[in-house]
Protein chains: 2
Amino acid sequence: MNPRSSFVTFARFIALALVCTLALNAQAQSDPLPSWNDGAAKKVIVDFVQATTTQGSPQFVPPAERIATFDQDGTLWVEKPMYSQVIYCLDRVPAVVKAKPELANVEPFKTVMSGNREAIARLSLQDLEKILVATLTGMSVDEFRAEAAKWLDAARDPRWKRPYTELTYLPMQEVLQYLRANGYKTYIVTGGGQDFVRVYAERVYGVPEEQVVGTAGATKYGYGKDGKPFLTKEPKLLLNDDKAGKPEGIHLMIGRRPMAAFGNSTGDREMLEYTKAGAGARLSAIVLHDDAVREYAYGPAQGLPDSKVGTFTQALYDEAKKRGWVVISMKTDWKRIFAWEP
Amino acid sequence: MNPRSSFVTFARFIALALVCTLALNAQAQSDPLPSWNDGAAKKVIVDFVQATTTQGSPQFVPPAERIATFDQDGTLWVEKPMYSQVIYCLDRVPAVVKAKPELANVEPFKTVMSGNREAIARLSLQDLEKILVATLTGMSVDEFRAEAAKWLDAARDPRWKRPYTELTYLPMQEVLQYLRANGYKTYIVTGGGQDFVRVYAERVYGVPEEQVVGTAGATKYGYGKDGKPFLTKEPKLLLNDDKAGKPEGIHLMIGRRPMAAFGNSTGDREMLEYTKAGAGARLSAIVLHDDAVREYAYGPAQGLPDSKVGTFTQALYDEAKKRGWVVISMKTDWKRIFAWEP
């Protein structure tokens, strides 16, 4: 092939690539949120992204400041009947008791070992805290990671008999991708354990480990028998990433006020309030679980059944309406809930 | 212009752009670290980057795991005669005393207000802590940011009469850029205040605020008279990001063990040790200040004068040699130290 015809071939290739790219962009632009029904919630999200990322828009936000934060339990994935990390901790109790047999006759471990579900459900917050400390601390960060990864592979949720990591909401996965495609850095800001969520955040949500902000304990630097340094998870709380702890955690870990925040419960109230109070265009959105058929229905906002997990009070609903947060109705706004639905 | 000739013009433009890009790449590839003299230190850095980023290399590291951490004071910029943040705190004392006149006759504020440099230099660590608490906490995070930014604009270092932000080491700026050009996420991991360094990290080092890990205090979420939420800096230490606190802070804020780490003092020892102990290719490097003419000379490693700021002991030097950390000699390895040098 002479250089001239080689160049023509190359130019054709470039032209074809450009056409393909433009076609893909046009397709993406036609509907960035295909699992959402057309409605107010979808429109507010799309309008926000366009206003903050279109050059020349009065509300344009430089890429470096494009931070979006997402609560996890109840916002990105199912939190009912119980937070999956709590189930992990309960499932770890037999291993803890095996390592320390003296715990077998000590509460709350005795109750957990009995397998009596009703008695376990009645455990107090203090009891639960003892279980969390026993199952989430005392090991190296690498050991914890390996244990959590193994559990996530094997565990199945009681309703759909699927791995917990498959119980993410497709419409929210689309929002994560849509924001990232428009230069946003997406963070998880969860009341759950930072180290726990980091185990799967990249694989499940495309969120890198360093973009997970969660409830975090101290670690302690030390040396193994081989002289190699490692970190041990300590029973000392550094950040309780819930309620006011969410904006505080965002400042500690990110340092910028988010442009957009998504939540679903009273634990997200301050994060949504803090986000929306920033200058310029801001998006605060809150998921209402009002779909008992396809997922769960709980509030008690809007007359929905009360819930200890993921409480969404009427006062929170009223604040959302007053402050211009988007209330996302699972029933009305979401065409599909899970990727594996028929 | 007919479509055909328009396409030819476009193809020419693409071809020209490609030629320019290739030429720039060739130049960059010819010497990614032009301010470094050819020597062992430069070679180890270049070899590390090539080994970890070349597809098919046995030591190839996926982009998501490419994390590099840099101490700031003495590693990225000048720390002598005193850490610039300490000078900031001393400079803020008159404003604090003006707001609380009762402090004028209370130590250590009285000594600072006297302007007696020798007496100020003799202040104890406890005295210094009182000054840090008085000048770094009690205000909103936005007020602190504004005050620090104003000071950074106006303040000049005593030796070169330049803004502190111009006292960064050109060879290290090149390492930051070189790593980023090869897919590394660069973090600052400093004993200095996280909120202080965040004010200028992006502008000065190209490091985004969320990639600054530093000594961090708690904040408190509250509401102003206008009802708007804001965060107040509290006198409660969350992370002392020095010595063992550096790997602990890296786990808290990043969650991954760095592939490369750069430091210059005993405060960086654990970070360098932790980094190098990871699996696969790892780079730990330590800057030795042995250039009294162009910068400063202090150790006391290798017979250099002792120093309270940025101490580099002989034991640390011996550990560096034993564990295969690169010792970077400012005098021998760096062709130029500052970008503004003639």
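If you're wondering where the values come from, they're calculated on a predicted model, not measured in any experiment.

Rules and cut-offs
- Residues numbered from 1 in each chain as written.
- Chains lettered and ligands numbered in written order.
- Predicted model: local features only at pLDDT ≥ 70, side-chain atom pairs only at ≥ 80, totals over all residues.
- Heavy atoms only, no water.
- Contact = heavy atoms within 4.5 Å.
- Buried area = accessible area lost by both parts, 1.4 Å probe.
- Salt bridge = Lys/Arg side-chain N within 4 Å of Asp/Glu carboxyl O.
- Polar contact = N/O pair within 3.5 Å; in protein donor to acceptor, adjacent residues only side chain to side chain.
- Helix = DSSP H or I, 4+ residues; strand = E, 2+ residues; numbered from the N terminus.
- Pairing = 2+ DSSP bridges.
- Axes fitted to C-alpha atoms, helices over the stretch in contact; angles between N-to-C directions.
- Buried < 20%, exposed > 50% of the residue type's maximum accessible area, 1.4 Å probe, protein only.
- Phe/Tyr/Trp six-rings, centres within 6.5 Å; stacked < 30°, edge-to-face > 60°.
- Lys NZ or Arg CZ within 6 Å of the ring centre and 35° of its normal.
- Parallel < 35°, antiparallel > 145°, perpendicular 65-115°, else oblique.
- Left-handed = near helix turned anticlockwise from the far one by under 90°.
- Least-squares fit on C-alpha atoms with pLDDT ≥ 70 in both.

Student: What is the right way to look at the interface of chain A and chain B in this model?
Tutor: The accessible area lost on association of the parts is a frequent measure of interface size. If you look at the interface, chain A gives 45 residues, while chain B gives 45 residues. Summing the contributions of chain A and of chain B, the shared interface buries around 3700 Å²; its carbon and sulfur component is 55%. Area buried by chain A at its contact with chain B is led by A:Glu210, A:Tyr221 and A:Leu252, which between them contribute 18% of it. Inspection of the region where chain A meets chain B yields eight salt bridges. A:Arg256 is paired through a salt bridge with B:Glu209; the nearest N and O atoms lie 3.6 Å apart. Summed over the shared surface of chain A and chain B, the number is 24 residue pairs in polar contact (both at pLDDT 80 or more). Broken down by secondary-structure element, the contributors of at least two residues to the side of chain A that touches chain B are helix 1 (3-30), helix 7 (141-154), strand 2 (185-193), helix 9 (194-198), strand 3 (212-223), strand 4 (229-239), helix 11 (245-253) and helix 12 (269-276) of chain A.

Student: Help me understand the sheet that holds strand 5 (residues 260-263) of chain A, please; the structure alone is not making it clear to me.
Tutor: Adjacent strands of a sheet pair through backbone hydrogen bonds, lying either parallel or antiparallel. All names here are of chain A. In spatial order, the strands read 4-3-2-1-5-6-7; together these seven strands make up an open sheet with mixed pairing. Both outer strands of the open sheet, strand 4 and strand 7 (326-329), are each paired with one neighbouring strand and no more. Averaged over all adjacent pairs, the angle separating strand axes in this sheet is 30°, with direction ignored. Against the sheet, helix 8 (residues 170-181) touches strand 1 (67-70), strand 2 and strand 5, its axis set at about 165° to strand 1.

Student: Looking at this structure, I do not really get the environment of B:Leu176. What am I missing?
Tutor: All names here are of chain B. Counting through the fold element by element, leucine 176 comes out in helix 8 (residues 170-181). Judged by relative accessible area, which is 0%, leucine 176 ranks as buried. Separated by 61 residues in sequence, leucine 176 and glycine 115 have C-alpha atoms that sit 38 Å apart. For leucine 176, the contacting residues outside a window of four places in its chain are Phe70, Leu76, Thr186 and Tyr205.

Student: Explanation requested: the packing of aromatic side chains in the structure shown.
Tutor: According to the stated counting rule, one finds 38 aromatic pairs over all chains in the structure shown. Here the aromatic rings of B:Tyr88 and B:Trp151 are separated by 5.4 Å at their centres, their planes lie at 75°, and the arrangement is edge-to-face. Separated by 63 residues along the polypeptide, B:Tyr88 in helix 3 (residues 84-99) and B:Trp151 in helix 7 (residues 141-154) bring together distant segments of the chain. Under the relative-accessibility criterion, B:Tyr88 is labelled buried at 0%. Judged by relative accessible area, which is 11%, B:Trp151 ranks as buried. Each member of the aromatic cluster is reached from another via a ring pair, and the members are A:Trp36, A:Trp160, A:Tyr169, A:Tyr296, A:Trp334, A:Phe338 and A:Trp340. Across the ring face of A:Tyr274, the terminal group of A:Arg257 is positioned such that the distance to the ring centre comes to 4.2 Å.

Student: Would you explain the pattern of salt bridges in this entry?
Tutor: If charged atoms from side chains of opposite charge come close, those side chains can pair. Residues and elements named next belong to chain B. Tallied over the full model, the rule gives 42 salt bridges over all chains. With a closest N to O distance of 3.3 Å, glutamate 270 and arginine 269 form a salt bridge. With relative accessibility at 24%, the residue arginine 269 sits in the partly exposed group. Two residues, glutamate 273 and arginine 323, come together in a salt bridge whose shortest N-O distance is 3.7 Å. On the criterion of sequence distance, the pair formed by glutamate 273 in helix 12 (residues 269-276) and arginine 323 in helix 13 (residues 314-323) is long-range, its members being 50 residues apart.

Student: How do you make sense of the side chain of A:His251 when you look at a structure like this?
Tutor: Relative to the helices and strands, A:His251 resides in helix 11. Given the relative accessible area of 10%, A:His251 is considered buried. What A:His251 contacts, discounting residues up to four positions off in sequence, is B:Val141, B:Asp195, B:Arg198, B:Thr219 and B:Leu231.

Student: Any chance you could explain the side chain of B:Gln72 here in plain terms?
Tutor: All names here are of chain B. If you trace the backbone, glutamine 72 turns up in the loop between strand 1 (67-70) and helix 3. Given the relative accessible area of 2%, glutamine 72 is considered buried. Here glutamine 72 is in contact with Trp77, Ile188, Val189, Thr190, Val197, Tyr200 and Tyr205, once residues within four sequence places are set aside.

Student: Would you mind going over the packing of helix 3 (residues 84-99) of chain A against helix 6 (residues 125-136) of chain A with me for this structure?
Tutor: Each pair of packed helices can be described by the angle between their axes along with the distance between the axes. Residues and elements named next belong to chain A. The contact between helix 3 and helix 6 brings their axes to 9 Å, and the two run at 70°. Taken together, the axis directions place helix 3 and helix 6 in an arrangement best described as roughly perpendicular. When the axes of helix 3 and helix 6 are compared, the crossing they make is left-handed. Counted together, Gln85, Val86, Tyr88, Cys89, Leu90, Arg92, Val93 and Val96 of helix 3 and Leu128, Ile131, Leu132, Ala134, Thr135 and Leu136 of helix 6 form the full contact between these two elements.

Student: What should I look at first to understand the relation of the copies chain A and chain B in this one?
Tutor: The operation relating the two chain copies consists of a rotation about an axis and a shift along that axis. With an RMSD of 0.0 Å, the operation that places chain A on chain B is a rotation of 180° combined with a shift of 0.0 Å along the axis. Read as a symmetry element, the transformation amounts to a two-fold axis. Interface residue correspondence from chain A to chain B reaches 100%, placing this contact among same-surface, isologous pairings.

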